[in-house]
Amino acid sequence: MNFKLLFSIFLVIFALNGCSTGYGNKLTGEGLTVFFNDENDEQLATDIAFFWKDSEFLGQNKQFIRLFNENKRYQLQIIPTSSDILSSLTIEEKIVLVKLQDTLNNSLFKNTFPCDIVFCTKDFEPIAKLNKIL
């Protein structure tokens, strides 16, 4: 099964929830809003939005992502439908997420700080880092 198809299936399972405003600057487009806390990160946030769209990660539900720069390390914060889903991820789904994080770090974040995928509540409070649930 190829990466794009598997990740698309995963996104259907993972269906990102909505959230309210107040999380910094934002870019909004076709089913996706990307928040970012530093105005200097606007181009990176734009690149993330296009990456998400070009990778066909957009689903039927509106998705919310937050790019958060902390201590010279980015967090790409995403909101799962429930925190329970994190404990039920299969090995294959975890591998897909690790590949996504590696792809992001080797492309969009290549010339900047590294990026970690972080799962959050609907208010962008961190639940778990991808590296911690493996």
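The structure under discussion appears in the preceding block.
Residues numbered from 1 in each chain as written. Predicted model: local features only at pLDDT ≥ 70, side-chain atom pairs only at ≥ 80, totals over all residues. Heavy atoms only, no water.

(A) Layout of the pairing of strand β2 (residues 32-36). The buried count for β2 comes to five of five residues, which makes it a mostly enclosed element. A two-sided burial pattern is seen for β2, the buried positions comprising Leu-32, Val-34 and Phe-36 on one face and Thr-33 and Phe-35 on the other. Taken together, the five bridges between strand β1 (residues 25-29) and β2 define a ladder with antiparallel strand orientation. Note on β2: the bridge partner recorded for Gly-29 is Leu-32. Turn length for the β1-β2 hairpin, with the two strands adjacent in sequence and antiparallel, is two residues, and the turn residue Gly-31 shows positive phi of about 75 degrees. Relative to strand β3 (residues 63-70), β2 runs parallel, the two sharing five bridges. (Buried < 20%, exposed > 50% of the residue type's maximum accessible area, 1.4 Å probe, protein only. Helix = DSSP H or I, 4+ residues; strand = E, 2+ residues; numbered from the N terminus. Pairing = 2+ DSSP bridges.)

(B) Structural context of unusual backbone geometry. Notably, Glu-56 is not glycine yet its phi reads approximately 60 degrees, a positive angle. Note on placement: Glu-56 falls in the loop between α2 (42-54) and β3. The class for Glu-56 is exposed, based on a relative accessible area of 52%. Positive phi, close to 55 degrees, is recorded for Asn-71, a residue that is not glycine. Secondary-structure assignment places Asn-71 in the loop between β3 and β4 (73-78).

(C) A look at the side chain of Glu-93. Tracing the sequence through the fold places Glu-93 in helix α4 (residues 91-106). An unpaired buried charge is present at Glu-93: no salt bridge exists, and Lys-94, the closest side chain of opposite charge, is 8.3 Å distant. Within polar-contact distance, the side chain of Glu-93 engages the backbone nitrogen of Thr-90 at 2.8 Å. (Lys, Arg positive; Asp, Glu negative; His and termini not counted. Salt bridge = Lys/Arg side-chain N within 4 Å of Asp/Glu carboxyl O. Polar contact = N/O pair within 3.5 Å; in protein donor to acceptor, adjacent residues only side chain to side chain.)

(D) Summary view of the packing of aromatic side chains. The tally for this structure, following the rule as stated, stands at eight aromatic pairs. Here the aromatic rings of Tyr-23 and Phe-124 are separated by 5.0 Å at their centres, their planes lie at 75 degrees, and the arrangement is edge-to-face. Residue Tyr-23 is found in the loop between α1 (3-14) and β1, and its partner Phe-124 is found in the loop between β5 (115-120) and β6 (126-129); the two are separated by 101 residues along the sequence. By relative accessible area, which is 12% here, Tyr-23 ends up buried. You can call Phe-124 buried: its relative accessible area is 2%. Here a set of aromatic residues connected by ring pairs shows up, and it is made of Tyr-23, Phe-35, Phe-64 and Phe-124. One residue, Lys-62, lies across the ring of Phe-64, its end atom 5.9 Å from the ring centre. (Phe/Tyr/Trp six-rings, centres within 6.5 Å; stacked < 30°, edge-to-face > 60°. Lys NZ or Arg CZ within 6 Å of the ring centre and 35° of its normal.)

Nothing here speaks to function; it is all geometry.
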